[in-house]
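# Descriptive analysis of the structure
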Amino acid sequence: MLNRIFRYLVAEYRRWLLQPQNISLIILILIIRKVVINPLITASINANSPLQIFEPCIAVGNSGLILLLLPIFFIVIISDYPFLDSNLYFVLTRIGRRCWVIAQILFVYIAAFTYVAFLFLATLIQTCFKSYLINGWSLVVTDRNMQSGINELIPLNLYNQMPPMQAVIVTYLLLFLFISLGASVQLLGSAIGRKKVFSIVWILIIMMGMAAVSLRKNIEWLFPSAHSILWIHYDKYYRAVRFPILGSIAILLCMSVILNILAYTRMKKSDFSRLKEG
């Protein structure tokens, strides 16, 4: 069973990596460069001070605009997931329905990890030669006389709470769970036969969540978007926590697992000819 799941999963993963929708990631990287990387590099040059190597990556994972775009681009590149083509019945006969459904659930997390790792590396490569590795925030971020708008990318709420290496780990863990949740929504939508509807609803939930975050009235914690942003978990003052990080990790993970269980239960009983209509 495990061998069948693994071989099918590898084949689907390769197929996903080679699909034409992935070209859209070039546009995303260009946006990230304009919104995050260029301002940080300019501030570093003006201050005559290097960046900490992970600061651009942290800024990507805590920028409101970028966090609005990341799940949308992910929906674009997994728009064909799960792959329900003319070969589906042959695949089901070969590996079995149960193995197929388990492979789809595993793909949720593998695809999300690949996407987040790609964003991390694509950002890191562009700035690593102009940075240092010591686990301390740069003057570009901490010196208020040098910030020139950098506070919007890495706010006081964040750099007063933890060192950059801890911040980058937590930032990308939350981002991974958030992106995984989006893939789980898509999988459940496909299981019900309403994949496009679920994708649209997910985008609307993301937009409402980001709007709620801007209000800062605690209503934002009703939306998954807020739980994916590290800096809003803290107030500007040291150790003043607005919402526990472990709570957000648990919420995002549990929501994803619950959706996957629902998708698994539905797909085990579904008529796959109906799923193709979604």
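One can find the structure itself at the top, above this paragraph.
These notes cover the structure that comes with them. Since we're looking at a predicted model, the values are computed, not measured.

## What to know about the overall build of the chain
- Counting its secondary structure elements, the chain contains 13 helices and two strands.
- Taking all 278 residues of the chain together, the buried fraction comes to 53%.
- The long-range fraction of contacts in the chain, counting pairs at least 24 apart against all pairs at least 6 apart in sequence, stands at 77%.
- Summing over all exposed atoms, the chain offers an accessible surface of approximately 13,300 Å²; the carbon and sulfur share of this is 68%.

## Structural notes on the packing of helix α2 (residues 24–47) against helix α6 (residues 97–127)
- Following both chains from N to C, one finds α2 and α6 inclined at 45 degrees, their axes separated by 11 Å at the closest point. With respect to α6, the element α2 is oriented oblique. Where α2 crosses over α6, the handedness of that crossing is right-handed. Residue-level inspection shows L25, L28, I29, I32, R33, I37 and I41 of α2 in contact with α6, the latter providing Y115, F118, L119, A122, T123, Q126 and T127.

## A closer look at the packing of helix α4 (residues 64–77) against helix α9 (residues 164–192)
- Between α4 and α9, the shortest axis-to-axis distance is 10 Å and the interhelical angle comes to 40 degrees. With respect to each other, α4 and α9 are oriented oblique. Read as a crossing pair, α4 and α9 show a hand that is right-handed. Contacts between α4 and α9 involve L67, L70, P71, F74 and I75 from the first element and L175, F178, I179, A183 and Q186 from the second.

## Some details on the packing of aromatic side chains
- With the rule as written, the count across this model stands at 10 aromatic pairs.
- Geometrically, the ring pair formed by Y109 and F176 is tilted, given 6.5 Å between the ring centres and 50 degrees between the ring planes. Taken together, the residues Y109 in helix α6 and F176 in helix α9 connect sequence positions 67 residues apart.
- Residue class for Y109 comes out partly exposed when judged on its relative accessible area of 21%.

## Let's talk about the nonpolar core
- Counting residues in each nonpolar core, the largest one holds 94 residues, and the members touching the most others are L28, F74, Y115, L158 and L230.
- For this core, the element with the highest residue contribution is α9, accounting for 16 residues.
- Once residues lying within four places of it in the same chain are set aside, the contact partners of Y115 are L25, L28, L70, F73, F74, I77 and I179.

## Here's the deal with the pattern of salt bridges
- Considering all chains together, one arrives at two salt bridges under this definition.
- Note that R15 and E12 form a salt bridge whose closest N and O atoms lie 3.8 Å from each other. Taken together, the residues span about one helical turn, with R15 and E12 both in helix α1 (residues 2–17) at a distance of three residues.
- By relative accessible area, which is 35% here, R15 ends up partly exposed.
- Its relative accessible area of 9% is what places E12 among the buried residues.
- Residue R242 is joined to E220 by a salt bridge in which the shortest nitrogen-to-oxygen separation is 2.9 Å. Remark: E220 occurs in the loop between α10 (195–215) and α11 (224–227) and R242 occurs in the loop between α11 and α12 (245–267); sequence separation between them is 22 residues.
- A relative accessible area of 22% means that R242 is categorised as partly exposed.
- Since its relative accessible area comes to 0%, E220 is described here as buried.

## So, α2
- When the terminal C-alpha atoms of α2 are compared, their 34 Å separation across 24 residues agrees well with the 34 Å that a helix rising 1.5 Å per residue should span.
- What α2 keeps buried is the set S24, L25, L28, I29, I32, V36, I37, L40, I41, A43, S44 and A47.
- Just downstream of α2 lies N48, where phi reads positive at about 55 degrees.

About the thresholds
Residues numbered from 1 in each chain as written. Predicted model: local features only at pLDDT ≥ 70, side-chain atom pairs only at ≥ 80, totals over all residues. Heavy atoms only, no water. Helix = DSSP H or I, 4+ residues; strand = E, 2+ residues; numbered from the N terminus. Buried < 20%, exposed > 50% of the residue type's maximum accessible area, 1.4 Å probe, protein only. Contact = heavy atoms within 4.5 Å. Areas by Shrake-Rupley, 256 points an atom, 1.4 Å probe, with all protein chains shown as cover. Axes fitted to C-alpha atoms, helices over the stretch in contact; angles between N-to-C directions. Parallel < 35°, antiparallel > 145°, perpendicular 65-115°, else oblique. Left-handed = near helix turned anticlockwise from the far one by under 90°. Phe/Tyr/Trp six-rings, centres within 6.5 Å; stacked < 30°, edge-to-face > 60°. Core = buried A, V, L, I, M, F, W, Y, C linked by side-chain atoms within 4.5 Å. Salt bridge = Lys/Arg side-chain N within 4 Å of Asp/Glu carboxyl O. Expected span 1.5 Å × (residues − 1).

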